[in-house]
Amino acid sequence: EVQLVDSGGGLVQPGGSLRLSCAASGFTFSDHFMDWVRQAPGKGLEWVGRSKNKAKSYRTEYAASVKGRFTISRDDSKNSVYLQMNSLKIEDTAVYYCVRDGLYGGIHLFDIWGQGTMVTVSS
Amino acid sequence: DIQMTQSPSSLSASVGDRVTITCRASQGISNYLAWFQQKPGKAPKSLIYAASILQSGVPSKFSGSGSGTYFTLTISSLQPDDFATYYCEQYSTFPLTFGGGTKVEIK
């Protein structure tokens, strides 16, 4: 079964750091781009960033709202992708979802979602 | 950034109704448009990509159409399991952006 399991969320003070993890199973992780998407309480979905695969030199892309503060990394030997979040702000409070990109007609797009992990930034 | 605007933001419908949700892009995105379904407290589920192609396992009562800046998602014969929030997303250009969502509620 194809599965993504998100973990690492919790309560952190403004200015603090947190590292989220996403463990993948049921597919060849190293072939896929991986994304993070977040959802603030009661709000819509917001793309956070993307990690491309080894064939694309593990290049990353980020939303402007997190660029310079968040870093996506991956360990293909552990079938895992990570989101390091630094200098956290209250507005970063959200459920964070790990998302697999499938390759459809040469285009990478979201197809499998993790269950999400809640991050609360509060003093 | 490309802005995605969904309408309506919510709608009430009855079991068996046919409903259509629209999604407009602030600039042309060809057919690089996906639709997702989200139920309360759950992760989104991918429904449609390339504006009209159903993801594997998605029932044919869901259909999508459009190209350029105007897109629609239609659900024929609503069932209790279809009451949820639906989001469109453009993957033409970074940053990837979502519509604000359409909540489909039971009348």
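Up top is the structure these notes are about.
This write-up is about the structure you can find in this document.

Calculation notes
- Numbering of residues begins from 1 in every chain and follows the order in which that chain's sequence is written.
- Starting at A for chains and at 1 for ligands, labels are handed out in the order in which the entities are written.
- Two thresholds apply to this predicted model, a pLDDT of at least 70 for residue-level local features and 80 or more for giving and counting side-chain atom pairs, whereas whole-chain, interface and lining totals are computed over all residues.
- Values shown for side chains rest on all heavy atoms present in the structure; no hydrogens or waters enter the calculation.
- In this text, helices come from DSSP runs of H or I with a minimum length of four residues, and strands from runs of E with a minimum of two, each type numbered from the N-terminal end.
- For the radius of gyration, the atom set is restricted to C-alpha positions; the globular benchmark scales as 2.2 Å times the number of residues to the power 0.38.
- Throughout this description, buried means an accessible area under 20% of the type-specific maximum (1.4 Å probe, protein chains only), exposed means over 50%, and partly exposed covers the range between.
- In what follows, residue pairs with any heavy atoms lying within 4.5 Å of each other are defined as contacts.
- When charges are counted, Lys and Arg contribute as positive and Asp and Glu as negative, whereas His and the chain ends are disregarded.
- Each charge is placed at NZ for Lys, CZ for Arg, CG for Asp and CD for Glu.
- By definition here, a salt bridge exists when the distance from a side-chain nitrogen of Lys or Arg to a carboxyl oxygen of Asp or Glu is within 4 Å.
- Using a 1.4 Å probe, buried area is obtained as the accessible area two parts lose upon being combined, added over both of them.
- In protein, a polar contact requires one atom able to donate a hydrogen and another able to accept it; more generally it is a pair of N or O atoms within 3.5 Å, and residues adjacent in sequence count only if both atoms are side-chain atoms.
- Three classes are used, and their members are as follows: Ala, Val, Leu, Ile, Met, Phe, Trp, Tyr, Cys and Pro are nonpolar, Asp, Glu, Lys and Arg are charged, and the others, Gly among them, are polar.
- The rule for a disulfide is simple: a pair of cysteine sulfur atoms within 2.5 Å.
- Only when DSSP finds a minimum of two bridges between them are two strands counted as paired.
- Fitted lines through C-alpha atoms serve as axes, helices being fitted only where they are in contact, and the angles separating the N-to-C directions of these axes extend from 0 to 180 degrees.

Observations concerning the overall build of chain A
Looking only at helices and strands, chain A features zero helices and eleven strands. Starting at the N terminus and ending at the C terminus, chain A contains elements arranged as β-β-β-β-β-β-β-β-β-β-β. Relative to a compact globule of 123 residues, whose C-alpha radius of gyration would be 14 Å, chain A shows 14 Å and is just as compact. The dimensions of chain A, computed from C-alpha atoms along their principal axes, are 45 × 30 × 25 Å. Put simply, chain A has 123 residues, and 49% of those count as buried. Summarising the internal contacts of chain A: among those between residues at least 6 apart in sequence, 53% fall at separations of at least 24.

Comments concerning the overall build of chain B
Looking only at helices and strands, chain B has zero helices and eleven strands in total. The helix and strand sequence of chain B, counted from the amino end, reads β-β-β-β-β-β-β-β-β-β-β. Over its C-alpha atoms chain B spans a radius of gyration of 13 Å, differing by no more than 12% from the 13 Å that the globule rule assigns to 107 residues. For the C-alpha atoms alone, the extent of chain B along its principal axes is close to 35 × 25 × 25 Å. Within chain B, the proportion of its 107 residues that are buried is 50%. Within chain B, one finds 8 positive and 6 negative side-chain charges whose respective centroids are separated by 5 Å.

Re the pattern of salt bridges
Under the criterion given, the structure shown has ten salt bridges over all chains. The salt bridge involving Asp81 of chain B is made with Lys39 of chain B; its shortest N-O contact spans 2.3 Å. Of the two residues, Asp81 of chain B is situated in the loop between strand 8 (70-75) and strand 9 (85-90) and Lys39 of chain B in the loop between strand 4 (33-38) and strand 5 (45-49); the sequence distance between them amounts to 42 residues. One continuous salt-bridge network, built from bridges that share partners, spans Arg38, Glu46, Arg69 and Asp92 of chain A.

Notes on the interface of chain B and chain A
Between chain B and chain A, the contact holds 16 residues from the first and 19 residues from the second. Here chain B packs against chain A, burying approximately 1500 Å² in sum over the two surfaces, 71% of which is carbon and sulfur. The tally of links from chain B across to chain A stands at zero salt bridges. Summed over the shared surface of chain B and chain A, the result is eight residue pairs in polar contact (both at pLDDT 80 or more). Across the side of chain B that touches chain A, the residue classes tally to eleven nonpolar, three polar and two charged.

Overview of the state of the cysteines
A complete count under the given rule lists two disulfides over all chains for this structure. Two residues share a disulfide in this structure: Cys22 of chain A and Cys98 of chain A, whose sulfurs sit 2.1 Å from each other. Here the S-S torsion is close to -65°, and the disulfide linking Cys22 of chain A with Cys98 of chain A is therefore left-handed. Placement of the pair is Cys22 of chain A in strand 3 (residues 18-25) and Cys98 of chain A in strand 9 (residues 94-104), with a sequence separation of 76 residues. Of the two residues, Cys22 of chain A and Cys98 of chain A, neither departs from the other in class, the shared state being buried. What pairs with Cys23 of chain B in a disulfide is Cys88 of chain B, and their sulfur atoms sit 2.1 Å apart. In this structure the cystine formed by Cys23 of chain B and Cys88 of chain B twists about its S-S bond by roughly 75°; its chirality is therefore right-handed. Placement of the pair is Cys23 of chain B in strand 3 (residues 19-25) and Cys88 of chain B in strand 9, with a sequence separation of 65 residues.

Considerations on the sheet that holds strand 7 (residues 62-67) of chain B
Residues and elements named next belong to chain B. Across the sheet, four strands lie side by side as 1-3-8-7; this open sheet has antiparallel pairing. Across the chains shown, the open sheet's two edge strands, defined by having one partner strand only, are strand 1 (4-7) and strand 7. Adjacent strand axes in the sheet meet at a mean angle of 15°, parallel and antiparallel pairs treated alike. Of the strand pairs in this sheet, strand 3 and strand 8 are connected by six bridges, and their pairing is antiparallel.

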